[in-house]
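Listed below, chain by chain, are the residues.
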Amino acid sequence: MNYKEALNYIEGIGKFGMNLGLDRIKRICSLMDNPEDKLKVIHIAGTNGKGSTTTFISSILKEQGYRVGIYTSPYIERFTERIKINDEEIKEEEVAEYLDYLIPLIEMVEKEGFGKPTEFEIITAMAFKYFYDKNVDYVVLEVGLGGRFDATNVVNPILTVITTISYDHMNVLGNTLSQIAFEKAGIIKEGVPLVLYPQEKEAYEVIKQVAKEKGAKIYHVEDLKYNLKENTVDGIIFDVEGYKNYRDIKINLLGLHQINNALTSIMAVEVLRELGVEVSNDALYKGLKEAKWPGRFEILKKNPYMVLDGGHNIQGINALVDSMKHYFNNKKTLIVTGMLRDKDYENMLEKLFEISSDFVTVTPNSPRALSEEELKNIIIAKGKRAEAKKNIADAVNLAIERSREFDVILFCGSLYMIGEARTILKSLL
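Rules behind the numbers
- Residues numbered from 1 in each chain as written.
- Predicted model: local features only at pLDDT ≥ 70, side-chain atom pairs only at ≥ 80, totals over all residues.
- Heavy atoms only, no water.
- Helix = DSSP H or I, 4+ residues; strand = E, 2+ residues; numbered from the N terminus.
- Expected span 1.5 Å × (residues − 1).
- Buried < 20%, exposed > 50% of the residue type's maximum accessible area, 1.4 Å probe, protein only.
- Salt bridge = Lys/Arg side-chain N within 4 Å of Asp/Glu carboxyl O.
- Pairing = 2+ DSSP bridges.
- Axes fitted to C-alpha atoms, helices over the stretch in contact; angles between N-to-C directions.
- 1 Å grid on protein atoms, 1.4 Å probe; cavity = no way out; pocket = protein on both sides within 12 Å on 5 of 7 lines; lining within 4 Å.
- Points joined across faces, edges and corners; volume = space filled by probe spheres on them.
- Phe/Tyr/Trp six-rings, centres within 6.5 Å; stacked < 30°, edge-to-face > 60°.
- Lys NZ or Arg CZ within 6 Å of the ring centre and 35° of its normal.
- Parallel < 35°, antiparallel > 145°, perpendicular 65-115°, else oblique.
- Left-handed = near helix turned anticlockwise from the far one by under 90°.
- Contact = heavy atoms within 4.5 Å.
- Core = buried A, V, L, I, M, F, W, Y, C linked by side-chain atoms within 4.5 Å.
- Patch = residues over 30% accessible without salt bridge, like charges linked within 9 Å, V, L, I, M, F, W, Y side chains within 5 Å.
- Areas by Shrake-Rupley, 256 points an atom, 1.4 Å probe, with all protein chains shown as cover.
- Lys, Arg positive; Asp, Glu negative; His and termini not counted.
- Charge placed at Lys NZ, Arg CZ, Asp CG, Glu CD.

K.L.:
Whenever I open this one, helix 15 (residues 415-428) confuses me. Can you help?
P.N.:
Residues lying three or four places apart along an α-helix face the same way, a consequence of the helix completing one turn every 3.6 residues. Under the 1.5 Å per step criterion, the end-to-end length of helix 15 is 20 Å for 14 residues, consistent within 8% with the ideal 20 Å. Where helix 15 is concerned, the buried positions are Leu415, Met417, Ile418, Gly419, Ala421, Arg422, Ile424 and Leu425.

K.L.:
Hey, could you run me through the pattern of salt bridges in this one?
P.N.:
Pairs can form between side chains of opposite charge whenever their charged atoms are close. Within this structure, the stated rule accounts for 35 salt bridges. Residue Asp87 pairs with Lys62 through a salt bridge whose shortest N-O separation is 3.3 Å. Pair noted here: Asp87 is in the loop between strand 3 (83-85) and strand 4 (88-89) and Lys62 is in helix 3 (residues 50-63), with a separation of 25 residues, a long-range link. According to the relative accessible area criterion, Asp87 is exposed, its value standing at 61%. Accessibility expressed as a relative area gives 23% for Lys62, which makes it partly exposed. Note that Glu94 and Lys134 form a salt bridge whose closest N and O atoms lie 3.0 Å from each other. Taken together, the residues span a long stretch of sequence, with Glu94 in helix 4 (residues 92-111) and Lys134 in the loop between helix 5 (119-133) and strand 5 (138-142) at a distance of 40 residues. Several salt bridges share partner residues, and in doing so they unite Lys229, Asp239, Glu241, Arg247 and Asp248 into one network.

K.L.:
Sorry, what's going on with the sheet that holds strand 10 (residues 235-241) here?
P.N.:
Strands in a sheet are paired, the pairing made by backbone hydrogen bonds, and the direction either parallel or antiparallel. Here we have three strands laid out as an open sheet, ordered 9-10-11, and antiparallel in their pairing. At either end of the open sheet lies a strand with only one pairing partner, and these are strand 9 (225-232) and strand 11 (249-251). For this sheet the average axis-to-axis angle between neighbouring strands, irrespective of direction, equals 25 degrees. With seven bridges joining them, strand 9 and strand 10 adopt antiparallel strand pairing. Paired with Asn227 across the strands is Asp239, a residue of strand 10.

K.L.:
What exactly am I supposed to notice about the layout of surface pockets here?
P.N.:
Any empty space left between atoms is shown by rolling a water-sized probe over those atoms. Taken as a whole, the second largest pocket spans an internal volume of roughly 510 Å³. Lining the second largest pocket we find 26 residues, and of these Lys84, Asp87, Lys292, Trp293 and Pro294 sit closest to its centre. If you list the elements that add at least two residues to the lining of the second largest pocket, you get helix 3 and helix 15. The leading source of residues in the lining of the second largest pocket is helix 3, at six residues.

K.L.:
Would you mind showing me how to read the sheet that holds strand 12 (residues 298-301) here?
P.N.:
Across the sheet, six strands lie side by side as 12-13-17-14-15-16; this open sheet has mixed pairing. Every other strand in the sheet has two partners, leaving strand 12 and strand 16 (385-388) as the edge strands with one partner each. Here the strands of the sheet are splayed against their neighbours by 20 degrees on average, with no regard to which way each runs. Bridge count between strand 13 (residues 305-308) and strand 17 (residues 408-412): four bridges; the pairing is parallel. If you follow Leu308 over to strand 17, its bridge partner there is Phe411.

K.L.:
Just checking my understanding: could you explain the packing of aromatic side chains for this structure?
P.N.:
Given two aromatic rings, their pairing is described by the distance between the two centres and the angle made by the two planes. Evaluation of the coordinates by the stated rule reveals eleven aromatic pairs. Note on Phe297 and Phe328: the rings are 6.3 Å apart at their centroids and 25 degrees apart in plane angle, and the pair reads as stacked. Here the residue Phe297 occupies a position in the loop between helix 10 (281-290) and strand 12, and Phe328 occupies one in the loop between helix 11 (314-327) and strand 14 (333-337), the gap between them amounting to 31 residues. Geometrically, the ring pair formed by Phe353 and Phe359 is edge-to-face, given 5.6 Å between the ring centres and 85 degrees between the ring planes. Judged by relative accessible area, Phe359 falls into the buried class, the value being 1%. By the ring-pair criterion, three or more aromatic residues cluster together here, those being Phe297, Tyr305, Tyr327 and Phe328. For Lys129, the ring lying beneath its charged end belongs to Tyr101, and the centroid distance is 5.2 Å. Between Lys332 and the ring centre of Phe406, over which it is positioned, the NZ or CZ distance is 4.8 Å.

K.L.:
How should I be thinking about the packing of helix 2 (residues 23-31) against helix 5 in this particular structure?
P.N.:
Helix packing geometry: the angle between the two helix axes and the distance between the axes. Packing of helix 2 against helix 5 leaves a shortest axis separation of 10 Å and a crossing angle of 30 degrees. In terms of their interaxial angle, helix 2 and helix 5 are classed as roughly parallel. Considering the relative orientation of helix 2 and helix 5, their crossing is right-handed. Here helix 2 contributes Arg24, Ile25, Ile28 and Cys29 to the contact with helix 5, which in turn contributes Glu121, Thr124, Ala125 and Phe128.

K.L.:
Help me out: how do you make sense of the nonpolar core in this one?
P.N.:
A general feature of soluble globular proteins is that nonpolar side chains tend to end up buried together. By size, the foremost hydrophobic cluster in this structure holds 67 residues, and its most contacted members are Ile42, Leu61, Val195, Phe238, Ile251, Leu288 and Leu352. When residues in this core are grouped by element, the largest group, nine residues, is from helix 9 (residues 257-274). Residues in contact with Leu288, not counting those within four places in the same chain, are Phe56, Ile60, Ile249, Lys250, Ile251, Ala262 and Ile266. If you look at the next biggest cluster of nonpolar residues, it comprises 41 residues, including Met32, Tyr71, Ile85 and Ala151.

K.L.:
Before we go on, may I ask you to explain the environment of Phe238 in this structure?
P.N.:
Structurally, Phe238 can be placed in strand 10. For the pair Phe238 and Ile251, spaced 13 residues apart in sequence, the C-alpha to C-alpha distance is 8.7 Å. Excluding residues that lie within four positions of it along the chain, Phe238 makes contacts with Tyr226, Asn227, Leu228, Lys229, Arg247, Asp248, Ile249, Ile251, Ile259, Ala262 and Leu263.

K.L.:
Got a minute to help me understand the pairing of strand 1 (residues 41-45) in this structure?
P.N.:
Put simply, side chains in a regular strand alternate between the two faces of the sheet. Within strand 1, five of the five residues are buried, which leaves it mostly tucked inside the rest of the structure. The two faces of strand 1 match: Val41, His43 and Ala45 on one face and Ile42 and Ile44 on the other face are all buried. Alignment of strand 1 against strand 6 (residues 159-162), held across four bridges, turns out to be parallel. Its bridge partner lying in strand 6, Ala45 is registered against Ile162.

K.L.:
When you look at a negative patch on the surface in this model, what are you seeing that I'm missing?
P.N.:
The grouping of Glu5, Glu92, Glu93, Glu97 and Asp100 at the surface amounts to a negative patch. Of the residues forming the negative patch, the biggest block, four residues, is contributed by helix 4. With respect to the helices and strands, the residue Asp100 is situated in helix 4.

What follows is the structure, encoded as structure tokens:
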């Protein structure tokens, strides 16, 4: 099997959709002699901020000299981004090789009556085996969806982290913050410390109860106060007050919400130190500064600014609009956007109208996508200007053609869209 065949196989499995539950992944792992049990895992759940927090923590551990397995989803440009050791993605030929190894196990699991493993279960099993074979020191493991029944939740972590919780994937996780928080809190394990990002009271009460039942000590990120010193397109500098008194911490992930993600990572490192993990202050400072997370308020160029942001739910769009107002106040902005039908796109658009009246619409590469014409018509019905383009390449080209009219070109609305836009932009700029 070659890489292209491996991707076709994985995508083919994806057509069967989602099937939550841990029986299949547990059985696959048992057939592999449970590599996940031999890994030191930091397990991260949440609605938004999981990826940034994963990036910050793994960057700090890497700067300390550890070999760090990093598992994230979805990818932005390439499938291989999902499984990395330090900054190195799994090789294409390794994806094919590991899938060759897994296919007989997948067939056995199905034959035994467990059902067909999902796309995410197969990729997660691949990651566990890969990290074990490569003898990593730590794995920073991002939950795919929810937590309780997510395929990653077969691990026995040394630390769990829950980032911000809001409304998303409500068709799967529930319609209230309490229900969603209960699913996320499913990663909490007996006696394993939990680092908790500041939460709405409704979500916090649920998490607190689960942690109490599991005997898991909560470390509250809200106990960390910060003093903002600088917040420009060239980075954010802040001090941490009353807690180790960290001074002049710099991060290059932009947006005030990234400070809370950085504080979550700092607290996670402090707990790891309590657990006996050696991490120097130099590694902490450098790791935070060097952390990169493509497609999250990422500025690809200036004059005019080309900005990519993967915010794809109302909380993500709120953070994006706040950042746009801060960094580009009163700048004329063209928004290139595509959205999914199962998202709160009406409210997402209303928020985006606060920063622009000019749009180019596209159809993201997803069966759940709103068509470019539907989205254009919704925007025009609200009294704004919009032009629809059949594909993302045409939308990018139109944006570049019109860039002289604008100070900022913003690509946002769906991770399915911005990955392709990023690839095209990088080839053109």
